[in-house]
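# Topology and contacts: notes
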Amino acid sequence: MTNLDHSNWANRVADFFHSPSHFLLATSTDAFLADILHDIKNDKISEGTKVLLLSPLLEYPTLLCTSPHIAEQTASSLLDILIQTPHTPKTVNLKSHLMLSITSVLISTSCMKPGLGVAERLIEALIQTLQDTNDHKCGVFCRPMRAIASECLREFEVCYPGLLSQKLDILSSLRQHESSPLHQSFSLLYSVALKNAVRWLTLQNDIADRDLKDILVRSEGLAWSATENMLNLFPITTGDVIPVLPYSMEIRELKSVISLLLEESYLLTPICQASLLRELTQVVAMVQSLSPTIFKSQLLRLFGTVEISLLHAMLQMKGTFTDSLFTAEDENFLLKRLVGMAQHPLLPVPHKLFYIDCILHFPENRPICSSGEENLPVLVTPQMTSLLFPTVFNESHTMLSRFNLLCLVYLEAGNEEDKGAGYMYEHLMALQAVVEHHSSREIAVTYFRSVYIFLYYFYQNEKYPGNLIQSLCQLYQKHCDFAPHFINLAECTQRTLDDSPWPTDLLQAVQILIVQLPQDQLIQSSLSWNLKMLSRIANESQVSQGSTVHFLLNLLLNSGLCTSGNWRMGNSVLTVCRNVLQHPSLDKIFIELADLLQFMMLRFEDLDIQDHARFYYTLLTNLSKDKLASILASGAGASRTKVRSLSSIMAESEELSSSLTVHSTRHPVLQLIKVSADDGSRRQLTDCGEPLEDIPDCDLFKSYCDQFLHLSPVIILNYHLTFVGSVDPSFAKLFCIRLHFELTDGNYAPCSEITVPSLFQERKPHLITLTLKPIRPYPTVLKVCAVFTTEDGISWQTQLNPISVGFSEVFLSLPVPRQWPVHKKLQLFDQMWCFLSSEKSEVSATSRFCFEADEQSLERMLDLHLSTFAISKNPEPETYKVLVFLPPKFHILLQIQRTEDAVCVSIVTDSWQLLPFINAYLQSITSSSGLDSSLSVLKL
């Protein structure tokens, strides 16, 4: 292979990371891997490039090493390079990445097996790297490499438990003699290996008294047998049955080791201390004859810690040892501390949520229930948690967590349950008042989640659930756009509450509210939400649907819904009808529903809605209730099996359903490619009228402001609509393409949709024109999606790449009559400059931009970027005057003058908010023209 330089490899690796699967389609995996290994061995390739080459193996080892055999060969090649690379400051980074890459390949590809020479050689090399105690041999520059080696060994031990259980003596010696910060990493490595070694002993049948002592002083090879036995075991967690060693084991040496680790734990960071304590907790739990009181000295500082990781380790310790280590006074103190920290004003919200969660799942010494459900500790009372009562000023997550905690507290308080429910209900009403007057999505979601929590705990209360339905109906009357929240609340409570009638009562109350609404309140925006709500209510078998059908029929008769032909509204009405067709009490409303469907079939001004209504009318009048329910359930996706006796109707239903569904493409199908055009073809102005010959020159600026600034210019951009590369043959011919543009800010007026009749892959791309009407002339991005139909009649939706509109694309020439001579434009420029530079204009601003350029470079830049907007050039001195119009009414005035040292651009604009964009634009055109803009200054 030809050697690639760094830039080529950088591009190739970037392409790989952008989409590994697509990249490997263009070249074989084996070839790409061979190229990587070839250039890593090449001495002419720099260390930085070699590190770059290792990144694909670090991130995607299983994708590049397609089999264990290839993985073993790859690891062996990399290991040879690692061993042959000398220890120098220049190669430390490369050797560290080689260690990580080999470890990643061996572990991720599952090629680790007993007797694997590559793994044994690597682990020996890693241990040998660690044995440079306190950097005596290679110096401090190799310390990062030693840290990586320690982390690689710990990764091997975690993924293959017990692998290093026969290396405890070496690991202990390294930890004891290391005085550099690496002592922390060595302690964690040793604690993991020690825990797995003790656990391996618990799995043995015949254990001698000295086995535990012997394993602490072993310094042999890798324990592949231990790895095979423990590979399928899960980590020990709180509540698991912990395997233990017999009482007769000799534990003197083990106790000494654990005591020494605990004494040295003060030297570690809080996170590492917590990891060490978790490992040692499991070790002590597996050794019956070792008392948990060995941790007693640690509790004195852990009780007062503010470190989340240490507190969590202590709670895990409490869940493991319970009253063997923690007294009842300790429990009481811990709970009070958790309650206090959960309300501490200086703590961030995630920490407060953690403390509340610790209260909910506090590991008691003697828990009443061990089913795993949320049960508060006995010591948690309403008095203890009174300061955690939620308020409407709390952040949403804090409010919900406190609300859930207090509900559980009052529920388990016994005699105070009704009073506590009253407190919680009052909070819900206060929160509802906020929602009614400030209907943001976050506060609305918080309210409905609070309602769900309240019902979860107090749904059996005789008073408050009924009052809550009335309050919710009042809220729906003011905010019918909360219909999705009401539906979600009803469905969640139905799944959670055991046969409670509350969800049905809520839906029935909302139905009564909707059907009693006067016609003048059923505007289009609220009607869609009401129909969505009625559609969900129609699924309730215990709610009568007669009032719903009467409501829909009166709506169609007394409104212009049918004549408007609104497909969305008609489809919403038909959705309600479809659900009513499956209702158990269909016989009672048969005639009314038939009249409704027949009216839509004959009067609705949309052929698709008419066809659907005719189909439902045919089903209603020709089939029994059981067959009708079966067909509609099948059409909804419950079953794809066709009923043979109803094959003709089912075929029509499935075909209609498939053609009406808009499917989403897995990958983009279409793209918009910008068509380069001059300034005249990308702007459009209304008629500027005739030249104003009778206007005195001194009044040019006033006349311009009065007569020309009322124009409404638009920006016109041209694009080619074409396919994205090679697409699926089913998308080769597209019809009725509808492009929808979504603004990402409020700087432009909404864009109209664009329809393209057809697009064929073998034909030329279609030219579309996008019209933008600026409100503020800032850069923007438009999201684009397209809906189209393929030859088989199926509708699809695809996302297109967003359209970026740059600042310079909004530039227009001065909106004055073309017949104006140059001298009149110059006079207008001078008058505008004087006015905007003076203090009369409050929003105008001046600035200056400097850069280095010779005369030829300056001329080239002006011709390339600003020639359309240039008004004149004064020969003595060389001063260029440029006037840019930015719709709807803003201007940029530039005076460009070349001095001996640099080119100075004086800037005046009638909107100070444009200054950052102007400065960025000038920097871009000077840099793109090869000029030095390092002298650029933005000075207000």
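Anyway, here's the lowdown on the structure attached to this text.

Quick notes on the rules
- Note on numbering: residues in each chain are counted from 1, in written sequence order.
- Only residues with pLDDT of at least 70 get local features here, since the model is predicted, and only at 80 or more are side-chain atom pairs given and counted; chain-wide, interface and lining totals rely on the full set of residues.
- Water and hydrogen atoms were dropped before computing side-chain values, which therefore reflect all heavy atoms in the structure.
- In the sections that follow, a salt bridge refers to a side-chain nitrogen of Lys or Arg positioned within 4 Å of a carboxyl oxygen of Asp or Glu.
- Secondary structure follows DSSP: runs of H or I at least 4 residues long count as helices, runs of E at least 2 residues long count as strands, and numbering of each begins at the N terminus.
- When a residue's accessible area, from a 1.4 Å probe over protein chains only, is under 20% of the maximum for its type it is buried; when over 50% it is exposed; and in between it is partly exposed.
- Lines fitted to the C-alpha atoms define the axes, with helices restricted to the stretch that makes contact. Angles between their N-to-C directions range from 0 to 180 degrees.
- Our angle categories are set so that under 35 degrees counts as roughly parallel, over 145 as roughly antiparallel, 65 to 115 as roughly perpendicular, and the remainder as oblique.
- Throughout, a crossing is termed right-handed when the near helix is turned clockwise from the far one, and left-handed when it is turned anticlockwise from it by less than a right angle.
- We call two residues contacting when some pair of their heavy atoms lies within 4.5 Å.
- Nonpolar residues are Ala, Val, Leu, Ile, Met, Phe, Trp, Tyr, Cys and Pro. Charged residues are Asp, Glu, Lys and Arg, and all others, Gly as well, are polar.
- Working definition: a ring pair exists when centres of Phe, Tyr or Trp rings (six-membered ring for Trp) sit within 6.5 Å. Plane angles under 30 degrees give stacked, over 60 give edge-to-face, the rest tilted.
- Definition used: whenever NZ (Lys) or CZ (Arg) falls within 6 Å of the ring centre and also within 35 degrees of the ring normal, the charge is taken to sit over that ring.

## Brief notes about the pattern of salt bridges
Throughout the structure, instances matching the rule amount to 19 salt bridges. Two residues, Arg 175 and Glu 264, come together in a salt bridge whose shortest N-O distance is 2.8 Å. Note that Arg 175 is positioned in helix α10 (residues 168-177) and Glu 264 in helix α14 (residues 252-264), a separation of 89 residues in sequence. Both residues of the pair, Arg 175 and Glu 264, belong to the buried class. Taken together, the shared-partner salt bridges in this structure form one network comprising Asp 135, Arg 143, Arg 146 and Glu 178.

## Let's talk about the packing of helix α29 (residues 567-581) against helix α30 (residues 590-603)
Remark: α29 packs on α30, axes separated minimally by 11 Å, with the N-to-C direction vectors making an angle of 150 degrees. Taken together, α29 and α30 sit at an angle that is classed as roughly antiparallel. For the pair α29 and α30, the crossing hand works out as left-handed. Residues Gly 570, Val 573, Leu 574, Cys 577, Val 580 and Leu 581 of α29 lie in contact with α30, whose contacting residues are Leu 593, Leu 596, Leu 597 and Met 600. Taken together, the residues of the contact of α29 with α30 sort by class into nine nonpolar, one polar and no charged.

## Section: the packing of helix α24 (residues 483-496) against helix α25 (residues 502-515)
Two numbers describe how α24 lies on α25: the axes approach to 8 Å, and their chain directions differ by 155 degrees. In terms of orientation, α24 lies roughly antiparallel with respect to α25. For the pair α24 and α25, the crossing hand works out as left-handed. Across the interface between the two elements, Phe 486, Leu 489, Ala 490, Thr 493 and Gln 494 of α24 pack against Trp 502, Pro 503, Thr 504, Leu 506, Leu 507 and Val 510 of α25.

## Some points on the packing of aromatic side chains
Scanning all chains against the criterion turns up 32 aromatic pairs. Both rings, one in Tyr 425 and one in Phe 454, keep their centres 6.3 Å apart while their planes meet at 50 degrees; by these two values the pair is tilted. Residue Tyr 425 is found in helix α21 (residues 417-437), and its partner Phe 454 is found in helix α22 (residues 441-458); the two are separated by 29 residues along the sequence. Three or more aromatic residues joined by ring pairs make a cluster, and in this case those are Trp 9, Phe 16, Phe 17, Phe 23, Phe 32 and Tyr 60. Above the face of the Tyr 190 ring, Arg 175 is positioned so that its terminal group lies 5.3 Å from the ring centre. The ring of Phe 760 is capped by Lys 733, whose NZ or CZ atom sits 5.5 Å from the centre of that ring.

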